[in-house]
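Listed here are the chains, written in short residue letters.
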Amino acid sequence: PTTATSRGSGDGPVLPGEVFATQTSFTNYSFSSIANGSVCAVFDSRYYAPFADANTGSDPARCTNCGGETEGVDYFVEYGVGYTSTAFLDASPTPNSAIPAECTAATGWFGTLSDAEAAGAVTKVRLRKVNPLESGDSAVLQVQLRAYEASALTGVDIGTLFKTWGTFSSDLGSRNCRYIP
C-alpha cells in the first residue's frame, strides 16, 4: 500500500532498498546555439546513493536523449564526491547559490562511478555536452538511485523527504534552482 496519488507521481514513500530515479533536463528554447551546456543532479547522500544494476551492468547515470552521440566524445557523464557546503541539505528554502556551487566545483569529479565511490560518497552527477545545444536541443540526465537499507537509516523518521536538486549551466550562466516546500 502507498499514499502516492498515482504510479510514478513522485509523492509516495520510498522503502529501504528501493530503486527510484531522478531526471534533470535543459532545453534550448532560444534562436541561437548555447555552448558548454551541462545539467547536474545533487543528492542527499545521507539517505540514498546512485545504483548500478549488477544484473545489466548499466551505469546509474545516462543521457536519455543522446541517440547517435558517443559518451566520452559528444558528451561526458561525471560523478562528484563531497559537498562544497552541507548547509543547504536541511535548509528550507534551499539557498539560491547552493546547487550551482555544487555543480561547478572544480575538483572531486570522476569519469566512472567506481572511481568516484573509491574517493568517497557520491553526492552529484553531471552531464556535460561537448557540442553546442542548438535551438530546440535538450540535455536530459537520468540517474538511478537506491535508498539505503533500513539498518543504515536508523533514526531517520518515517516520512523524511528524500530531496534531489537539479540545475543547468552554460556560457549563459547557471540557473538557481531551489527546493521550496
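Just so it is clear, the structure is predicted and the values come from calculations on it, not from any experiment.

### Regarding the confidence of the model for the protein
Part 1: Overall, the predicted model of the protein reaches an average pLDDT of 83, with 87% of residues at or above 70.
Part 2: Within the protein, no element has a lower average pLDDT than strand β10 (residues 173–174), which sits at 62, and none a higher one than strand β6 (residues 109–110), at 96.

### Let's talk about unusual backbone geometry
Part 1: Phi angles above zero are rare outside glycine, and Asn36 is one such case at about 55°.
Part 2: Topologically, Asn36 is positioned in the loop between β1 (19–27) and β2 (38–43).
Part 3: Exposure remark for Asn36: the relative accessible area of 47% places this residue in the partly exposed category.

### A word on the pairing of strand β5 (residues 75–81)
Part 1: In terms of burial, β5 is largely enclosed, as 6 of its 7 residues are buried.
Part 2: As paired elements, β5 and β6 share 2 bridges and run antiparallel to each other. Its bridge partner lying in β6, Gly80 is registered against Trp109.

### Overview of the environment of Thr94
Part 1: Summarising the element assignment, Thr94 is placed in the loop between β5 and α1 (98–103).
Part 2: Through-space distance from the C-alpha of Thr94 to that of Trp165 is 9.2 Å; in sequence the pair is 71 residues apart.
Part 3: Looking at Thr94, its side chain comes within polar contact range of the side chain of Trp165, at 3.0 Å.

### What about the state of the cysteines?
Part 1: Considering all chains together, one arrives at 2 disulfides under this definition.
Part 2: Between Cys40 and Cys103 runs a disulfide, and the two sulfur atoms are separated by 2.1 Å. An S-S torsion of about -80° defines the bridge between Cys40 and Cys103 as left-handed. In this pair, Cys40 is assigned in strand β2 and Cys103 in helix α1, connecting sequence segments 63 residues apart.

### With respect to the nonpolar core
Part 1: Phe43, Tyr79, Val125, Leu127 and Leu141 are the most contacted members of the largest nonpolar core, which totals 29 residues.
Part 2: Those elements that place two or more of their residues in this core are β1, β2, β4 (61–63), β5, α2 (113–119), β7 (122–129) and β8 (138–147).
Part 3: Here the element with the most residues in this core is β8; it accounts for 5 residues.
Part 4: Beyond its immediate stretch of four places on either side in the chain, Leu127 contacts Gly37, Ser38, Val39, Cys63, Tyr75, Phe76, Val77, Ala139, Val140 and Leu141.
Part 5: One finds Val42, Phe88, Leu89 and Cys103 within the second-largest nonpolar core, a separate group that totals 10 residues.

### Thoughts on the side chain of Asn28
Part 1: Among the secondary structure elements, Asn28 is positioned in the loop between β1 and β2.
Part 2: Under the relative-accessibility criterion, Asn28 is labelled buried at 1%.
Part 3: At a separation of 2.8 Å, a polar atom in the side chain of Asn28 contacts the main-chain carbonyl oxygen of Ser32.
Part 4: With residues near it in sequence (within four places) discarded, Asn28 still touches Ser33, Ile34, Leu133, Glu134, Ser135, Gly136 and Asp137.

### As for the packing of aromatic side chains
Part 1: Overall, the coordinates contain 5 aromatic pairs when judged by the stated rule.
Part 2: Note on Tyr83 and Phe88: the rings are 5.8 Å apart at their centroids and 75° apart in plane angle, and the pair reads as edge-to-face.
Part 3: Taking the relative accessible area as the measure of exposure, Tyr83 reaches 22% and is therefore partly exposed.
Part 4: The ring of Trp109 has Arg126 sitting right over it, with the charged end atom 3.8 Å from the ring centre.

Criteria and thresholds
Residues numbered from 1 in each chain as written. Predicted model: local features only at pLDDT ≥ 70, side-chain atom pairs only at ≥ 80, totals over all residues. Heavy atoms only, no water. pLDDT = per-residue confidence, 0-100. Helix = DSSP H or I, 4+ residues; strand = E, 2+ residues; numbered from the N terminus. Buried < 20%, exposed > 50% of the residue type's maximum accessible area, 1.4 Å probe, protein only. Pairing = 2+ DSSP bridges. Polar contact = N/O pair within 3.5 Å; in protein donor to acceptor, adjacent residues only side chain to side chain. Disulfide = S-S within 2.5 Å. Core = buried A, V, L, I, M, F, W, Y, C linked by side-chain atoms within 4.5 Å. Contact = heavy atoms within 4.5 Å. Phe/Tyr/Trp six-rings, centres within 6.5 Å; stacked < 30°, edge-to-face > 60°. Lys NZ or Arg CZ within 6 Å of the ring centre and 35° of its normal.

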